[in-house]
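In case you want the letters, here they are:
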Amino acid sequence: MNPQAKLISISSLLLGTTITISSSHWMMAWTGLEINTLAILPLISNPHHPRAIEAATKYFLVQAAASTLLLFSSTTNALFTGQWDITQLTHPTSCLLLTTAISIKLGLVPFHFWFPEVLQGSSLMTSLLLTTAMKFPPITLLLMASPSLNFTLLTTMAIASAALGGWMGLNQTQIRKILAFSSISHLGWMTIIIIYNPKLTLITFYLYCMMTAATLLTLKTTKILKLSTMMTAWTKIPSLSATLMLALLSLAGLPPLTGFLPKWLIIQELTKQEMTPTATIIALLSLLGLFFYLRLAYCATITLPPNSSNYMKQWRTNKPVNTLTATLTTMTVTLLPFSPMILSML
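Residues numbered from 1 in each chain as written. Predicted model: local features only at pLDDT ≥ 70, side-chain atom pairs only at ≥ 80, totals over all residues. Heavy atoms only, no water.

A. Just the packing of aromatic side chains, in detail. The final tally for this structure, using the stated rule, is eight aromatic pairs. The interplanar angle of 10 degrees and the centroid separation of 5.8 Å between the aromatic rings of Phe-136 and Phe-205 together place this pair among those described as stacked. Of this pair, Phe-136 sits in helix α7 (residues 136–145) while Phe-205 sits in helix α10 (residues 198–222), and the two are 69 residues apart along the sequence. Considering the side-chain rings of Phe-260 and Trp-264, the 6.2 Å spacing of their centres and the 5 degrees angle between planes classify their relative orientation as stacked. One end of the pair, Phe-260, and the other, Trp-264, are both in helix α13 (residues 260–272), four residues apart, so they sit about a helical turn from each other. Judged by relative accessible area, which is 27%, Phe-260 ranks as partly exposed. You can call Trp-264 partly exposed: its relative accessible area is 35%. (Phe/Tyr/Trp six-rings, centres within 6.5 Å; stacked < 30°, edge-to-face > 60°. Helix = DSSP H or I, 4+ residues; strand = E, 2+ residues; numbered from the N terminus. Buried < 20%, exposed > 50% of the residue type's maximum accessible area, 1.4 Å probe, protein only.)

B. Focus on the packing of helix α6 (residues 124–131) against α10. It is at 10 Å that the axes of α6 and α10 come closest, and there the two elements cross at 175 degrees. As the angle between them shows, α6 and α10 are arranged roughly antiparallel. Every residue of α10 that contacts α6 at Leu-124, Met-125, Ser-127, Leu-128 and Thr-131 is listed here: Tyr-208, Thr-212, Ala-213, Leu-216, Leu-217, Leu-219 and Lys-220. Of the residues in the contact of α6 with α10, the class split is eight nonpolar, three polar and one charged. (Axes fitted to C-alpha atoms, helices over the stretch in contact; angles between N-to-C directions. Parallel < 35°, antiparallel > 145°, perpendicular 65-115°, else oblique. Contact = heavy atoms within 4.5 Å. Nonpolar A, V, L, I, M, F, W, Y, C, P; charged D, E, K, R; others polar.)

C. Geometry of the pattern of salt bridges. The tally for this structure, following the rule as stated, stands at four salt bridges. A salt bridge links Lys-58 to Glu-54, with the nearest nitrogen and oxygen atoms 2.8 Å apart. One end of the pair, Lys-58, and the other, Glu-54, are both in helix α3 (residues 50–81), four residues apart, so they sit about a helical turn from each other. Between Glu-117 and Lys-177 there is a salt bridge, and its shortest N-O distance comes to 3.4 Å. (Salt bridge = Lys/Arg side-chain N within 4 Å of Asp/Glu carboxyl O.)

So, in C-alpha cells, the structure goes:
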C-alpha cells in the first residue's frame, strides 16, 4: 500500500476515534464513527484479493446499517425529549435502537455474523485494528449511555455472546476466525458488567486489547495463519512459540496469567450484585473458550511436526523480535501480581 495512503488512513482512524470518545453530542459521535468506517476500508481491501474485497464490502454494509440505526436512535430521542446529549438517552425506543446499533458495530450476538468473515478476509495487522482500536469508540458510547439501557436485554446478549463465541470457536482451523470468536466471547464478559461497574468494563477491554495485540503480533512475526502451519512453526523462533502459548493461555483466563484478572473481578462483582446464577453460567461458558485456546497452545508448542516427507522443517530465522511484541507479551503474562494497583483505579 502507498505509504501516503496508509498515513492518511491511520490518521483518519485516530481522528475518528478521538472525535467519538470526546464528544457529548450524538451528531459528533456519529461523525467520528463514519470517519472510522471509511478510514479502515482501504486497509481491509489492501491485498486486492477477492476475499479482501468481499470482507471490505461486508464491513461497509454492516457498519453503514449500524450507523443509520444509531442516527435514527438519537434523532428519535431528540424528537421526543429535545436532548442531543449522549448521557440523556431516555426514550425507550431510542434505547432499544441504540443497543441494536452498538451490538452490530461490536459484533455481539445475534449480530455477530459479519465479524469472523471480515477478520478472515483481512491481514493480521488489519485484524489487530478491527479487534482492538475499532471496538473502542462503540464501547465508549455504550459506556456513556449504559445507565439508560435495558439491563435484561444486555445480560441476555452477553450470555449468548459468551456461549456462541466459545461454541463456534471449537471446530475452527483458521487462527483469525478463532480470534474473532474469542473477541465475541470477551465482549460478552464486558457487556454483562457494564451497567454495574463501567470502569471494570474498560479495564477488561484494555487488558483484552493488550493480550490480543501480543498474540497477533507474534503470529505476524512467525507468519502463522492456520493450525497446520502453527504445528511446524516452532522451529522458526522457539522462544516466540513458548511465549505465544502463554499469551493464548492468558486469553483463556488461566491463573496466574493476566487474563485471569478481568474474569475474577467480573465474577466477584456479579456475586456482589446478587447475580450468582449469572456468574456461574458465564464462568462455565468460559470453559468452551478454554478448550480451543488449549488446542492452540498444544499446537504451538507441544506437538512435534510429523516425520513425513510431506512436511518440511522450517529454517530458524535470526530475525530479532520486535520490542513492542516483547513488551506486550511480558505484560500479558505478568500483570496479575499488580492487581491491587489496578483495583485502586476502580
